Amino acid sequence: MWYAITGHDNPASLELRHANRPAHLARLHELRDQGRLLLAGPFPAIDAEDPGPAGFTGSLIVAEFSDIAAARIWANADPYLEAGVYRDVEIRPLRKVLP
């Protein structure tokens, strides 16, 4: 099943985000290589492709897991959560309809 994983950033976490981005992306590349990643990306804090120093407010990952417990285990090991970029993570099942 697909799960929407939403990480909510702590204030002023842009430097932490940059420092931990390679490890965060490596885990997403693993999901992609396994054919389990539908999409992933950050939420800019302002209406701009590159928000610059305004940074981001969080991220969305939509990926396939066997169940919500597996999704939670994966999300709880995210370098962004461990480093304090995310203040919390929300995980919800998603039924993909389109496309």
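On a predicted model such as this, the values are computed, not experimentally measured, just so you know.

Engineer: Any details on the side chain of Ser-13? Residues and values, ideally.
Structural biologist: Here Ser-13 lies in the loop between strand E1 (2-9) and helix H1 (14-33). Among all residues touching Ser-13, those that are not within four sequence positions of it are Gly-84 and Val-85.

Engineer: Just give me the short version of the layout of surface pockets, but keep the residues and values in it.
Structural biologist: Roughly 240 Å³ of volume is contained in the largest pocket. Every element with two or more residues in the lining of the largest pocket is listed here: H1, strand E2 (37-44) and strand E3 (56-64). Considering every element that reaches the lining of the largest pocket, the biggest residue donor is H1, with 6 residues. A breakdown of the residues in the lining of the largest pocket according to their chemical character gives 6 nonpolar, 4 polar and 2 charged.

Engineer: Quick one: what's the story with the pattern of salt bridges, residue by residue and with numbers?
Structural biologist: Under the definition given, this model contains 5 salt bridges. Asp-78 serves as the salt-bridge partner of Arg-27, at 3.8 Å between the closest nitrogen and oxygen. In this pair, Arg-27 sits in helix H1 while Asp-78 sits in the loop between helix H2 (68-76) and helix H3 (79-83), placing the two residues 51 residues apart along the sequence. For the pair shown, Arg-27 and Asp-78 are each scored as buried. A salt bridge links Arg-92 to Glu-90; its shortest N-O distance comes to 3.6 Å.

Engineer: Outline empty space enclosed by the protein, listing residues and values.
Structural biologist: Tallied over the entire structure, the rule returns 1 cavity of 30 Å³ or more. In this structure, the largest cavity occupies an estimated 40 Å³ of space. Lining the largest cavity, in full, are Ile-5, Thr-6, Gly-7, Ser-59, Ile-61, Ala-75, Asp-78, Tyr-86 and Val-89. For the lining of the largest cavity, the secondary-structure elements that each account for two or more residues are E1, E3 and strand E4 (86-94). Ranked by the residues each element gives to the lining of the largest cavity, the list is headed by E1, at 3 residues. Per-class residue counts for the lining of the largest cavity are 5 nonpolar, 3 polar and 1 charged.

Engineer: Mind laying out H1, listing which residues take part and the relevant values?
Structural biologist: Because an α-helix packs 3.6 residues into every turn, residues spaced three or four apart end up facing the same way. Between the first and last C-alpha of H1 there are 27 Å, a value that for 20 residues agrees with the 28 Å anticipated at 1.5 Å per step. The largest bend along H1 reaches roughly 55 degrees and is located at Asn-20, with the proline Pro-22 sitting one to four residues downstream. Within the sequence span of H1, burial applies to Arg-17, Asn-20, His-24, Arg-27, Leu-28 and Leu-31. Looking at the buried side of H1, the elements it contacts are E1, E2, E3, H2, H3 and E4. Residue Gly-35 follows H1 closely and has a positive phi angle near 75 degrees.

Cut-offs and rules
- Residues numbered from 1 in each chain as written.
- Predicted model: local features only at pLDDT ≥ 70, side-chain atom pairs only at ≥ 80, totals over all residues.
- Heavy atoms only, no water.
- Helix = DSSP H or I, 4+ residues; strand = E, 2+ residues; numbered from the N terminus.
- Contact = heavy atoms within 4.5 Å.
- 1 Å grid on protein atoms, 1.4 Å probe; cavity = no way out; pocket = protein on both sides within 12 Å on 5 of 7 lines; lining within 4 Å.
- Points joined across faces, edges and corners; volume = space filled by probe spheres on them.
- Nonpolar A, V, L, I, M, F, W, Y, C, P; charged D, E, K, R; others polar.
- Salt bridge = Lys/Arg side-chain N within 4 Å of Asp/Glu carboxyl O.
- Buried < 20%, exposed > 50% of the residue type's maximum accessible area, 1.4 Å probe, protein only.
- Expected span 1.5 Å × (residues − 1).
- Bend = angle between axes of the 7 residues up to and from the residue.

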